[in-house]
Amino acid sequence: QVQLVESGGGLVQAGGSLRLSCAASGSIFSINAEGWYRQAPGMQRESVAIISSGGRTNYAVSVKGRFTVSRDNAKNTVYLQMNSLKPEDTAVYYCFAKVVDYSGRYYDYWGQGTQVTVSS
């Protein structure tokens, strides 16, 4: 079993910054792709930023140039640096990890979600 624990959400004024962290623990041989999704009230969950095991990144158009996803493989931790935040970034942010266990099987795991609120 694998657990993803997020931290770093909160309330910030428009134009401000926040940094989210997500630490994975448990039966982990390696982590393939990982990153962040978000879900605003009444909206579907959407991909925000994904980083591959090789460091390749993919961003939603709405956050490109403002958000940066990174990972520390030694700590099994993924980060999301969010700058120039806008009220429309307000959502619950979920981390995601595609974990490879010691049998070579792939599993998708999700964090519990952390609230990010941007005031205008």
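What you see is a predicted model, and the numbers here were worked out from it, not measured in a lab.

### Examining the environment of Ser52
Inference 1: Among the secondary structure elements, Ser52 is positioned in the loop between strand S5 (46-51) and strand S6 (57-59).
Inference 2: On the basis of relative accessible area, Ser52 is assigned to the partly exposed category, the value being 23%.
Inference 3: Sequence separation between Ser52 and Ile31 is 21 residues, and the spatial gap between their C-alpha atoms is 8.7 Å.
Inference 4: The residues touching Ser52, leaving out its near neighbours within four places in the chain, are Asn32, Ala33 and Arg71.

### A closer look at the packing of aromatic side chains
Inference 1: According to the stated counting rule, one finds 5 aromatic pairs in the structure shown.
Inference 2: On the basis of an interplanar angle of 75° and a centroid distance of 5.8 Å, the ring pair of Phe29 and Tyr102 is categorised as edge-to-face. Placement of the pair is Phe29 in the loop between strand S3 (18-26) and strand S4 (30-39) and Tyr102 in the loop between strand S9 (91-100) and strand S10 (106-110), with a sequence separation of 73 residues. This pair shows no difference in class: Phe29 is exposed, exactly as Tyr102 is.
Inference 3: Here Tyr107 and Tyr109 contribute two aromatic rings whose centre-to-centre distance is 6.5 Å and whose plane-to-plane angle is 50°, an arrangement assigned as tilted.
Inference 4: We classify Tyr109 as buried; its relative accessible area is 16%.

Analysis parameters
Residues numbered from 1 in each chain as written. Predicted model: local features only at pLDDT ≥ 70, side-chain atom pairs only at ≥ 80, totals over all residues. Heavy atoms only, no water. Helix = DSSP H or I, 4+ residues; strand = E, 2+ residues; numbered from the N terminus. Buried < 20%, exposed > 50% of the residue type's maximum accessible area, 1.4 Å probe, protein only. Contact = heavy atoms within 4.5 Å. Phe/Tyr/Trp six-rings, centres within 6.5 Å; stacked < 30°, edge-to-face > 60°.

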